[in-house]
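Letter by letter, the chains look like this.
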Amino acid sequence: MEKILEQYFVQNNELVLTNIGTIHLTKKPATWIGDTLNAPELSILFSIDNKKASNQFYVYLAEALSISNEQASIQFEQFLQTSFEAQEANLAIGNLGSIEKKGNEYTWVSNFISSNYYKNITISPIHANEEVEKQISIQWPWIAFILFIIAMAAIVFKYF
């Protein structure tokens, strides 16, 4: 069941654990500051709420377990109940992190650190020490005229 929950979270960036809380992915985009492109920051946050999982989640779970939606709902709630029966229980969500129960408090311990995957990039201006040679550029009407002369020569050559 943990693998299915992890896969659902990765695909949907949110996982609602019925009557416990919600795990969601937050994203802060990359930003330019001076000569540095600061890496985007991603983090997995946990908020305590008494929401119920969406119908989309139960459909996903039912397909993954090859059972009906009603059975998926019942199995999920039983799974959560048995996972947190003890006063100090722990539910790992794959390699992403775990939810720990101490008394009646639930806390999220994240294993995901986005700085392991994204680094800041510093870009310095390029200074050319060599003088750039002036390139000869031919304007397009002259190119068209030269192509016209070549085409006429080919026609005359073919004709005679």
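Scroll up a little and you will see the structure.
Along each chain, numbering runs from 1 in the same order as the chain's sequence is written. Only residues with pLDDT of at least 70 get local features here, since the model is predicted, and only at 80 or more are side-chain atom pairs given and counted; chain-wide, interface and lining totals rely on the full set of residues. With hydrogens and water set aside, each side-chain value is computed from the structure's full complement of heavy atoms.

Turning next to the pattern of salt bridges. The term salt bridge refers to a side-chain nitrogen of Lys or Arg lying within 4 Å of a carboxyl oxygen of Asp or Glu. Taken as a whole, this structure holds two salt bridges when the rule is applied. Salt-bridge contacts for E41 lead to K28; the nearest nitrogen and oxygen are separated by 4.0 Å. Note that E41 is positioned in strand β5 (residues 41-47) and K28 in strand β2 (residues 21-28), a separation of 13 residues in sequence. E77 is the partner of K52 in a salt bridge, and the nearest nitrogen-oxygen pair spans 3.0 Å. Remark: E77 occurs in helix α3 (residues 69-83) and K52 occurs in the loop between β5 and α2 (55-65); sequence separation between them is 25 residues. Strands are runs of DSSP state E lasting at least 2 residues, helices are runs of H or I lasting at least 4, and numbering of each runs from the N terminus.

Let us look at the environment of T36. Tracing the sequence through the fold places T36 in strand β4 (residues 36-38). Residues T36 and L25 lie eleven residues apart in sequence; the distance between their C-alpha atoms is 25 Å. In this description, contact between two residues means that some pair of their heavy atoms is separated by no more than 4.5 Å. Residues contacting T36, with those up to four places away along its chain left out, are T31, N120, I121 and T122.

With that out of the way, let us pick up the nonpolar core. Side-chain atoms within 4.5 Å link the members of a nonpolar core, which is a set of buried Ala, Val, Leu, Ile, Met, Phe, Trp, Tyr and Cys residues. Three labels apply to residues, based on accessible area from a 1.4 Å probe with only protein chains included: buried if under 20% of the type maximum, exposed if over 50%, partly exposed otherwise in between. Within the largest apolar cluster, 29 residues are counted, with the highest numbers of intra-cluster contacts made by L15, I23 and F57. Per-element tally for this core: the top contributor is α2, with five residues. If we skip the residues at most four places from it in the chain, I23 touches F9, N13, E14, L15, L17, I44, L45, F46, I93, I99 and W108.

Limitation: the analysis is restricted to geometry and does not speak to function.
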